[in-house]
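Residues per chain, in single letters:
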Amino acid sequence: MSLDLLELLPGDWRERLDPFLDPIGVAALNAFVAQEYEEQTVYPPREDLFNAFRHCPYDKARVLILGQDPYHGPGQAHGLSFSVREGVRLPPSLRNIYKELAADLDVPVAKTGELTPWADQGVLLLNAVLTVRASDAGSHAGKGWEDFTDAAIRALNAKSERVVFVLWGAYARKKAKLITGEHHVVHESAHPSPLSAKNFFGTRPFSAVNKALADAGQPEIDWALAAPDA
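Scoring rules and cut-offs
Residues numbered from 1 in each chain as written. Predicted model: local features only at pLDDT ≥ 70, side-chain atom pairs only at ≥ 80, totals over all residues. Heavy atoms only, no water. 1 Å grid on protein atoms, 1.4 Å probe; cavity = no way out; pocket = protein on both sides within 12 Å on 5 of 7 lines; lining within 4 Å. Points joined across faces, edges and corners; volume = space filled by probe spheres on them. Helix = DSSP H or I, 4+ residues; strand = E, 2+ residues; numbered from the N terminus. Nonpolar A, V, L, I, M, F, W, Y, C, P; charged D, E, K, R; others polar. UniProt positions renumbered as here; feature names shortened; annotations may be inferred. Salt bridge = Lys/Arg side-chain N within 4 Å of Asp/Glu carboxyl O. Buried < 20%, exposed > 50% of the residue type's maximum accessible area, 1.4 Å probe, protein only. Axes fitted to C-alpha atoms, helices over the stretch in contact; angles between N-to-C directions. Parallel < 35°, antiparallel > 145°, perpendicular 65-115°, else oblique. Contact = heavy atoms within 4.5 Å.

## Observations regarding the layout of surface pockets
- What the largest pocket holds in volume is close to 430 Å³.
- Lining the largest pocket are 29 residues, and of these Gln68, Asp69, Pro70, Tyr71 and Asn127 sit closest to its centre.
- Where the lining of the largest pocket is concerned, the elements lending two or more residues are helix H5 (92–105) and strand E3 (123–127).
- Here the element with the most residues in the lining of the largest pocket is E3; it accounts for 3 residues.
- Each residue belonging to the lining of the largest pocket can be placed in one class, and the counts come to 16 nonpolar, 11 polar and 2 charged.

## Comments concerning the UniProt feature "domain: Uracil-DNA glycosylase-like" (unreviewed entry) in the protein chain
- Feature annotation in UniProt assigns "domain: Uracil-DNA glycosylase-like" (unreviewed entry) to the following positions: residues 54–213.
- Helix makes up 32% of residues 54–213 and strand 14%. Its end C-alpha atoms lie 22 Å apart.

## A word on the pattern of salt bridges
- For the structure on display, the rule yields 6 salt bridges.
- As a salt-bridge pair, Asp150 and Lys175 come within 2.8 Å of each other at their nearest N and O atoms. Pair noted here: Asp150 is in helix H7 (residues 145–157) and Lys175 is in the loop between helix H8 (169–173) and strand E6 (185–189), with a separation of 25 residues, a long-range link. For the pair shown, Asp150 and Lys175 are each scored as buried.

## Topic: the packing of H5 against helix H10 (residues 205–215)
- At a minimum axis distance of 7 Å, the contact between H5 and H10 shows a crossing angle of 60 degrees. Put simply, H5 runs oblique to H10. Touching Ile97, Glu100, Leu101, Asp104 and Leu105 of H5 are Pro205, Phe206, Ser207 and Asn210, all from H10.
- In terms of residue class, the contact of H5 with H10 is made up of 5 nonpolar, 2 polar and 2 charged.

Rendered as structure tokens:
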């Protein structure tokens, strides 16, 4: 099975990423990902691989929430960082995100882990690594995805409109060096994982994002998520 990742990427993003990508590196990533999908159980499903870009067109992107790599359990990952499909049990990090959202903006804790409504408002829910083997966290790290997603961050940095970059945890915070536009805002904190949540709670990222957007004359994000039976 052959795979052309750039052909699968929505055209608006492909045009913006291309100047920041090394063709040799992309070719190697194409080959690796194609082989993994052919020979292994890989998440997310191939058709969901670029959902983050599909739901958040480049021209509408105004917030980035950066994750590390996809969930590696059955039925969880669907191409949006921290998000899981409707009906899937909430992962611990997402539960902590919801707790902080409730404390920050008094938003009721959602019963669904489906974050597509955020993406549809211009929140790019991007993982640094976009695929993973089943039950093997981090298994696709260091294979070329990082250069690919760094290109997306650089493309956002090139926007003339403000983008708010939300970097949770040491891994994501290393990406701050890619953000050089003085009109952008970077919000850094601990990761919402149970291992570091005590330092994540109280950081109020959601109100900080909305203030940064409002200060730039942009609409705020509606962070509320409807319950499945709403």
